[in-house]
Amino acid sequence: MDLVLTDLHVATMAGPGYGVIEDGAIVAGGGSAGDRRIRWIGPRSGLPGDGAVETRSLGGRWVTPALIDCHTHLVFAGDRSGEFEQRLGGATYEEIARAGGGILSTVRATREASADELYAAALPRVQALSAEGVGTIEIKSGYGLDVESELKMLSVARRLGEATAVTVRTSLLAAHAIPPEYERDPDAYVDLICDELMPEVAAGKLADAVDAYCESIAFSAEQVSRLFERAADLGLPVRLHADQLSDGGGAALAARFGALSADHLEYTSPGGVRAMADSGVVGVLLPGAFVTLGETQSPPIDAMRERGVPIAIATDCNPGTSPICSLRSAMMLAARVFGLTPEECLAGTTREAARALGLDDRGTLEAGKRADVAVWDVGHPRELAYWFGTPQLAELILDGQTTAF
Ligand code: NIG
Ligand code: FE
C-alpha cells in the first residue's frame, strides 16, 4: 500500500537552494521491501488521488532527505581519550603515532576483540547517528591491518546494515597505517593488500569501495597508486584520506584515479582543487577531526566553491581524532569553523554525501528516489546546522517505513 504524507513542508535538496515545497505532499510506495521509492512529490494541491493509500498528516513539520554520514570509522575497540590529554598537553598526532600510539593503539584493541564484541560496541554508535536522522552510513575497516582482522571489521559493518534499518556502505581501508609486522617493509604490506586481501574482499562483496590514507605517517602516493590500480582491476571504486596533515598531492592523486571522494583536504593546493573539479571528485570535509586535533589550517573552501567542487560533510567518527557520533554536530562545526552556509551543510549531508558514496538513488526528495525521509521539529531547515546535541527528529522513515530510533 502506498503511504501518503501530507501537511508538511519539504526541503527536497534538489535545488535551487533548499528546494522548498511549502504545504507539500509525498506519495511513497511502489517497489519491494528494500527498494520503496517516492512515487510523487509536490504541493498538496496537486496530490494525485488514486489507489489504496494510508494518509498521514505531519502537522506542518519540515521534511528533508534522511541524512547520510559518508565517512566513519565506527567499528573499533579500545579507548584513546588519554591521547587527547597528551595532545592538550602539547604532543602532536604525528608524535603519538610515531611512538606506536594513534591508529596502532586501536589496531591492538580491535585485533583482540571478537566480532560480537565489535558489533556490540558499534551498534549504539549507529543508533546515535540514526536518532539524528541518519539513514545511510559509510563504515571503513582499517583497524585490523591483517587479512583476518580486516575481514572481521567489514563483516561486522555488513551485519550492522543487516540488523538495522540503516543502509551501511563499507570501505576497505587496509592502507590506514603500516602494521607493526611490516614496519621494515611497508611495500610488502601493500602487496598483501593487493594480492590477498583485496581479491578476497571483492569476491565476498564485503566492501563497496577501497580507501587509503595518503600521508607522511602512512602511505606514499606511489603506494596508493598501486592499491588504486588493483582496485580498478577488481571493479571497486576508490576514495582517499588526502592532505590532512600536509600537502601530499592527495587530491590530485584521487582525481587521477577518478575517485568518488577526497576527504579531509586541509592542505590541498589550488592545483589539487582544480584536479578535483575536472574529475568530479567530491570533497568530504571532516570538521570533527579538525577541531579535535586543534588544527588551524582550513580546507580551501573558497577555491572549492569557485571551481564547483561538490562539498560533503561527515563525522569521521573514530576513537582517535573525531570522537563524534553526531552528524548534526559536524554540520554545525562545518558552518562555524569552516564557514559553510547552513544550506551547504544540509546539501553536504544529503545530496553531496550520496554522491561521495556513488549512490544516485538517494540524497534528494524527488520522484524515483528511495523513500528515505527525515521529519523534523524545526521552523526552518537552516536550524539543522544550528542546534546541536538537541533532539529535533520527529520521525525517520527509511524505505517507506517508520523506523524506531
Ligand atoms: O580520518 N586520518 C586518518 N584516519 C582517521 C584517524 C583515525 C585514527 O586516528 O584512529 C581520520 O582522521
Ligand atoms: Fe577518516
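Residues numbered from 1 in each chain as written. Chains lettered and ligands numbered in written order. Predicted model: local features only at pLDDT ≥ 70, side-chain atom pairs only at ≥ 80, totals over all residues. Heavy atoms only, no water.

Considering the overall build of the protein
Step number 1: Of the regular secondary structure elements, the protein holds 14 helices and 15 strands.
Step number 2: The principal-axis extent of the C-alpha atoms belonging to the protein is close to 70 × 40 × 40 Å.
Step number 3: Within the protein, the fraction of its 405 residues that count as buried is 59%.
Step number 4: In the form shown here, the protein has an accessible surface area of approximately 15200 Å², with 49% of it arising from carbon and sulfur atoms. (Helix = DSSP H or I, 4+ residues; strand = E, 2+ residues; numbered from the N terminus. Buried < 20%, exposed > 50% of the residue type's maximum accessible area, 1.4 Å probe, protein only. Areas by Shrake-Rupley, 256 points an atom, 1.4 Å probe, with all protein chains shown as cover.)

Side note on the side chain of Ser326
Step number 1: Here Ser326 is to be found in the loop between strand S12 (311–313) and helix H12 (327–338).
Step number 2: A polar side-chain atom of Ser326 sits 2.6 Å from a polar atom in the side chain of Ser329.
Step number 3: Non-local contacts of Ser326, meaning those with residues more than four positions away in its chain, are made with Leu129, Glu132 and Thr315. (Polar contact = N/O pair within 3.5 Å; in protein donor to acceptor, adjacent residues only side chain to side chain. Contact = heavy atoms within 4.5 Å.)

Considerations on the packing of helix H6 (residues 186–203) against helix H7 (residues 221–233)
Step number 1: Contact geometry for H6 and H7: axes closest at 10 Å, N-to-C directions at 10°. Looking at the two axes, H6 sits roughly parallel to H7. The interaxial crossing formed by H6 with H7 has right-handed handedness. Residues Pro186, Asp187, Val190, Asp191, Ile193, Cys194, Met198 and Pro199 of H6 form the contact with H7, whose own contacting residues are Glu222, Gln223, Arg226, Leu227, Arg230 and Ala231. (Axes fitted to C-alpha atoms, helices over the stretch in contact; angles between N-to-C directions. Parallel < 35°, antiparallel > 145°, perpendicular 65-115°, else oblique. Left-handed = near helix turned anticlockwise from the far one by under 90°.)

A closer look at the coordination of the iron ion (ligand 2)
Step number 1: Of the protein atoms, only His71 (NE2), His73 (NE2), His241 (NE2) and Asp316 (OD) coordinate the iron ion (ligand 2), at distances of 2.1 to 2.4 Å.
Step number 2: The motif formed by the donor residues of the iron ion (ligand 2), counted along the single chain, is H-x1-H-x167-H-x74-D. Highlighted residues: His71 in the loop between strand S5 (67–69) and helix H1 (81–88) and Asp316 in the loop between S12 and H12, separated in sequence by 245 residues. (Donors = N, O, S within 2.8 Å, 3.2 Å for Na, K, Ca; no water.)

Overview of the nonpolar core
Step number 1: Residues Leu74, Val75, Leu160, Leu227, Leu240 and Leu340 are the most contacted members of the largest nonpolar core, which totals 104 residues.
Step number 2: Among the elements that take part in this core, H6 stands out by supplying eight residues, more than any other.
Step number 3: Counting contributing residues per domain, this core is built from domain 1 (2–65 + 364–402) and domain 2 (67–356), each supplying no fewer than three. (Core = buried A, V, L, I, M, F, W, Y, C linked by side-chain atoms within 4.5 Å. Domains from an automatic or database assignment.)

Quick word on the sheet that holds strand S13 (residues 373–376)
Step number 1: Strand order across the open sheet formed by seven strands is S3-S2-S1-S4-S13-S14-S15, with mixed pairing between neighbours. Bordering the open sheet on either side are strand S3 (37–43) and strand S15 (401–403), each of which pairs with just one other strand. Going from strand to strand, the sheet's axes swing by 35° on average, the running direction of each strand aside.
Step number 2: Looking at chain direction, strand S1 (residues 2–11) and strand S2 (residues 20–29) are connected through six bridges and run antiparallel. (Pairing = 2+ DSSP bridges.)

Considering the pattern of salt bridges
When the charged atoms of two side chains with opposite charge come close together, those side chains can pair.
Step number 1: Applying the stated criterion across every chain, the model contains 25 salt bridges.
Step number 2: With a shortest N-O distance of 3.3 Å, Asp399 and Arg36 are connected by a salt bridge. Note that Asp399 is positioned in the loop between strand S14 (393–398) and S15 and Arg36 in the loop between S2 and S3, a separation of 363 residues in sequence.
Step number 3: Asp191 is the partner of Arg226 in a salt bridge, and the nearest nitrogen-oxygen pair spans 2.6 Å. In this pair, Arg226 is assigned in helix H7 and Asp191 in helix H6, connecting sequence segments 35 residues apart. (Salt bridge = Lys/Arg side-chain N within 4 Å of Asp/Glu carboxyl O.)

Some thoughts on the environment of Arg108
Step number 1: Within the secondary structure, Arg108 sits in helix H3 (residues 103–112).
Step number 2: Judged by relative accessible area, Arg108 falls into the partly exposed class, the value being 48%.
Step number 3: Considering only alpha carbons, one finds Arg108 and Pro179, 71 residues apart in sequence, at a separation of 10.0 Å.
Step number 4: Within the structure, Arg108 has its side chain in polar contact with the backbone oxygen of Gly100 (distance 3.1 Å).

Here we look at the environment of Met332
Step number 1: Within the secondary structure layout, Met332 lies in helix H12.
Step number 2: Residue classification places Met332 among the buried residues on the basis of a relative accessible area of 19%.
Step number 3: Between the C-alpha atom of Met332 and that of Phe388, which follows or precedes it by 56 residues, the distance is 6.8 Å.
Step number 4: In this view, Met332 contacts Ala385, Tyr386 and Phe388; residues no more than four positions away in its chain are not counted.

Some remarks on the site of ligand 1
Step number 1: The environment of ligand 1 is made up of 14 residues, and the closest members are Arg80, Tyr93, Tyr143, Gln244 and Thr321.
Step number 2: In this structure, a nitrogen atom belonging to ligand 1 sits 2.8 Å away from a side-chain N or O atom of His176. (Near = heavy atom within 4 Å.)

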